[in-house]
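Take a look at the letters that make up each chain.
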Amino acid sequence: MHKIIFHNLGNADCIRLELSNNRRVLLDYADCRDPTNPDDRRCDLPETLGEEVGK
């Protein structure tokens, strides 16, 4: 079964498709998060993807 995952990046979303053949497709990636701003609610996408790929 295919799976669609949305990552909140603030002004836009990043969409990851996980296909039934274990391939992954990442759409609309923009790493513009400010790690020094505690009010920046966007996810740390490289960290999040690293955690999920390491499953």
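Preceding this paragraph is the structure being described.
Parameters at a glance
Residues numbered from 1 in each chain as written. Predicted model: local features only at pLDDT ≥ 70, side-chain atom pairs only at ≥ 80, totals over all residues. Heavy atoms only, no water. Helix = DSSP H or I, 4+ residues; strand = E, 2+ residues; numbered from the N terminus. Buried < 20%, exposed > 50% of the residue type's maximum accessible area, 1.4 Å probe, protein only. Polar contact = N/O pair within 3.5 Å; in protein donor to acceptor, adjacent residues only side chain to side chain. Salt bridge = Lys/Arg side-chain N within 4 Å of Asp/Glu carboxyl O.

1. Here we look at unusual backbone geometry
Unusually for a residue other than glycine, Asn22 sits at a positive phi of about 70°. Relative to the helices and strands, Asn22 resides in the loop between strand E2 (13–18) and strand E3 (24–27). On the basis of relative accessibility, which here comes to 71%, the residue Asn22 falls in the exposed class.

2. Regarding the side chain of His7
Assignment of secondary structure puts His7 in strand E1 (residues 3–8). Residue class for His7 comes out buried when judged on its relative accessible area of 5%. A distance of 3.3 Å separates polar atoms of two side chains, one belonging to His7 and the other to Arg16.

3. A closer look at the pattern of salt bridges
The full count for this structure, using the stated rule, is five salt bridges. Salt-bridge contacts for Arg16 lead to Glu52; the nearest nitrogen and oxygen are separated by 2.5 Å. In this pair, Arg16 is assigned in strand E2 and Glu52 in helix H1 (residues 45–53), connecting sequence segments 36 residues apart. Classification of Arg16 by relative accessible area gives buried; the value is 6%. The closest approach of N and O atoms between Arg42 and Asp40, which form a salt bridge, is 2.7 Å. Asp40 sits in the buried class, given a relative accessible area of 14%.

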